[in-house]
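# Close look at the chain arrangement
Read off the chains here:
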Amino acid sequence: MTAATVVSTLALAACDTLPTGGGPSINTTKPVPVALLVPRGSAQSGDALLAKSLENAARMAIADLNGAQIDLRIYDTAGTPQQAATAATTAINDGARIILGPVYAEAANAAGLVAAQRNVNVLAFSNNTAIAGGNVFILGPTFDNTARRLTSYATRQGKGNMVIVSGSDPAGQAGRVAIERAAAGTGANINGAVSYELSQQGVINAIPTIRSTVASSGAQSVFLTANTAGALPLLTQLMPEAGVDPAATQYIGLTRWDIPAQTLALPGVQGGWFAMPDTNRSQQFRSRYQASYGAAPHPIGGLAYDGIAAIGALVSAGKSDALTGAALTRGNGFQGTGGIFRLRPDGTNERGLAVATIQEQKVVVIDPAPSSFAGAGF
């Protein structure tokens, strides 16, 4: 799932037909039926592998549960909204008390609308905040969460006066909005914003404006929305050459700068800051998955583990209201494959992230991920 997935359906409305807090009653003395909606049958390359990784991760999580019995049932969506709606209907008719998945925003929105009519909550693997709300909760990492973590850290380090550099594409603009929103809540100041067309010439044309904006505003940092598959390599090459010295002006990234690994060799990213999940927990999950299934998990496969972990933690308490929205949004959250996370009443999520930098082409964690939400800066 690429950064573009975040904003692929900004026109979608959040599912609001089931008020947050609602949900079904369950019998915790028996296995709780949980539906897992995966994109098997899709024509999109890689979806079959993704579907298998999600199923494998979910079964790993079930094996790790203490005191909670889960009856996992798999339904294929073919990656389409129509089939996702049909799968959700079938799953609920089969007795599902909660739906885990689907992946894509349009499919999750369709499943959510069907499920809302039946008083069932949906934990989607999407990171598109446009579909969050009501009975739909998204598990995917969001720009808002990453931006909050990094603007808060930058402010504490005396680097809170920022210039945003963002692509003119939907993902870039969504990232800019997330940074602006995060700054307003964390004490950072946005001293300017520069947008560039998503092309080599577009980036080149924007460099003088970036340089002059940083110089005239007295910015202490530059917050980039670009990812490694897009403009990041060129931006981090041209900005220092133009006089935006990374030794004096902190470079900050909204995306992962350690993926793919060859990004670590780029001279311009050395010393930059970005956020990432709890490294120890992430590595533990990858290692266990590799040992169990003989291959690495899909990059978002762990979201299925997280969903089951949350469901299992709630069911194990033995309460009939364990899968209501009010229960799902408990303040202390859950432990997942990348550390702590919790679901918010607005359908989005908060994840405890580490702040990392790149030194001598290696990732170095400079502010560890929090182990609980108490005092975690959220």
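Residues numbered from 1 in each chain as written. Predicted model: local features only at pLDDT ≥ 70, side-chain atom pairs only at ≥ 80, totals over all residues. Heavy atoms only, no water.

### Considerations on the overall build of the protein
We apply this condition: Runs of E in the DSSP output that reach at least two residues are strands. Runs of H or I that reach at least four are helices, and both are numbered from the N terminus. Values of the radius of gyration come from C-alpha atoms, whereas the globule rule sets the reference at 2.2 Å times the count of residues to the power 0.38. The contact criterion used throughout is that any non-hydrogen atoms of two residues lie within 4.5 Å.
When its secondary structure is counted, the protein shows ten helices and 15 strands. Whereas a compact globule of 378 residues would reach a radius of gyration of roughly 21 Å, the protein reaches 21 Å, a difference of no more than 12%. Within the protein, contacts between residues separated by at least 24 positions form 70% of all contacts whose residues are at least 6 apart in sequence.

### What about the nonpolar core?
Definition in use: Buried residues of nine kinds, namely Ala, Val, Leu, Ile, Met, Phe, Trp, Tyr and Cys, make up a nonpolar core once their side-chain atoms join them within 4.5 Å. Remark: exposure states derive from per-residue accessible area (1.4 Å probe, protein chains only) relative to the maximum for the residue type, with buried under 20%, exposed over 50%, and partly exposed in between.
Within the largest apolar cluster, 43 residues are counted, with the highest numbers of intra-cluster contacts made by Val34, Leu100, Leu123, Phe125, Leu139, Ile308 and Ile311. Elements that contribute at least two residues to this core include exactly β1 (32-38), α1 (47-64), β2 (70-76), β3 (98-100), α8 (279-293), α9 (302-315), α10 (325-328) and β12 (339-343). Ignoring sequence-local partners within four residues, the contact set of Leu123 consists of Ile98, Ile99, Leu100, Gly101, Phe137, Leu139, Gly307, Ile311, Leu328 and Leu343. Residues Val165, Val222, Leu264 and Val269 belong to the second largest nonpolar core, which totals 31 residues.

### A word on the domain arrangement of the protein
Selection criterion: Reported domain spans reflect what an automatic or database domain assignment gives. A simple way to read buried area is as the amount of 1.4 Å-probe accessible surface that goes missing from two parts once joined, with both sides added. Put simply, a salt bridge is a Lys or Arg side-chain nitrogen that is within 4 Å of an Asp or Glu carboxyl oxygen. Think of a polar contact as two N or O atoms within 3.5 Å of one another; within protein, one of them needs to be a possible hydrogen donor and the other a possible acceptor, and neighboring residues in sequence only count if both atoms come from side chains.
Its domain assignment divides the protein into domain 1 (32-141 + 280-351) and domain 2 (143-276). For domain 1 and domain 2, the distance between their C-alpha centres works out to 32 Å. If you look at the interface, domain 1 gives six residues, while domain 2 gives four residues. Between domain 1 and domain 2, a total of about 300 Å² is buried, with carbon and sulfur atoms accounting for 28% of that surface. For the pair domain 1 and domain 2, the number of links is zero salt bridges. Linking domain 1 with domain 2 are one residue pair in polar contact (both at pLDDT 80 or more), by the criterion used here.

### With respect to the pattern of salt bridges
Within the structure shown, the criterion is met by 14 salt bridges. Asp71 is paired through a salt bridge with Arg73; the nearest N and O atoms lie 2.7 Å apart. Of the residues examined, Arg73 reaches a relative accessible area of 26% and is grouped as partly exposed. A salt bridge links Asp367 to Arg156; the shortest N-O distance between them is 3.2 Å. Of this pair, Asp367 sits in strand β15 (residues 362-367) while Arg156 is found in helix α4 (residues 143-156), placing the two residues 211 residues apart along the sequence.

### Remarks on the packing of helix α6 (residues 200-217) against helix α7 (residues 232-241)
Quick note on the threshold: Angles run from 0 to 180 degrees between N-to-C directions of axes, and those axes are lines fitted to C-alpha atoms, restricted for helices to the stretch in contact. For any helix crossing, the convention is left-handed if the near helix is rotated counterclockwise from the far helix by under a right angle, and right-handed if that rotation is clockwise. Polar here means any residue other than Ala, Val, Leu, Ile, Met, Phe, Trp, Tyr, Cys and Pro, which are nonpolar, and Asp, Glu, Lys and Arg, which are charged; Gly is therefore polar.
Where α6 contacts α7, the axes come no closer than 10 Å and their chain directions differ by 35°. As for the relative orientation of α6 and α7, their crossing is right-handed in sense. Residues Gln200, Val203, Ile204, Ile207 and Ile210 of α6 lie in contact with α7, whose contacting residues are Leu234, Leu235, Leu238 and Met239. For the contact of α6 with α7, the per-class residue count stands at eight nonpolar, one polar and no charged.

### Details of the sheet that holds strand β11 (residues 334-336)
The line we're drawing: Only strands joined by at least two bridges in the DSSP assignment are considered to pair.
The strand order across the open sheet built from three strands is β11-β12-β13, with neighbouring strands paired in antiparallel fashion. Since the sheet does not close on itself, it has two edges, and those belong to β11 and β13 (349-351), each with one partner. The sheet shows a mean angle of 35° between the axes of neighbouring strands, taken without regard to direction. Pairing between β12 and β13: three bridges, direction antiparallel.

### Some details on α7
When we look at burial in α7, the residues that qualify are Leu232, Leu234, Leu235, Thr236, Leu238 and Met239. The secondary structure elements touched by the buried residues of α7 are β6 (161-167), β7 (189-196), α6, β8 (221-224) and β9 (250-253).

### Observations concerning the pairing of β15
Here strand β14 (residues 354-359) runs beside β15; their pairing, made up of five bridges, is antiparallel. The residue of β15 that forms the bridge with Val355 is Asp367.

### Quick look at the pairing of β1
Operational definition: The handedness rule is simple: strands pointing away from the viewer, and a clockwise path from the first strand over the helix to the second, make the crossover right-handed.
Counted residue by residue, β1 has seven buried out of seven residues, so it is predominantly covered. Residues Val32, Val34, Leu36 and Val38 line one face of β1 and the alternating positions Pro33, Ala35 and Leu37 line the opposite face, and both faces are buried. Relative to β2, β1 is paired through seven bridges, and the arrangement is parallel. The residue bridging Val32 from the neighbouring strand is Ile70, located in β2. In the classification by handedness, the crossover that spans β1, the intervening α1 and the parallel β2 is right-handed.

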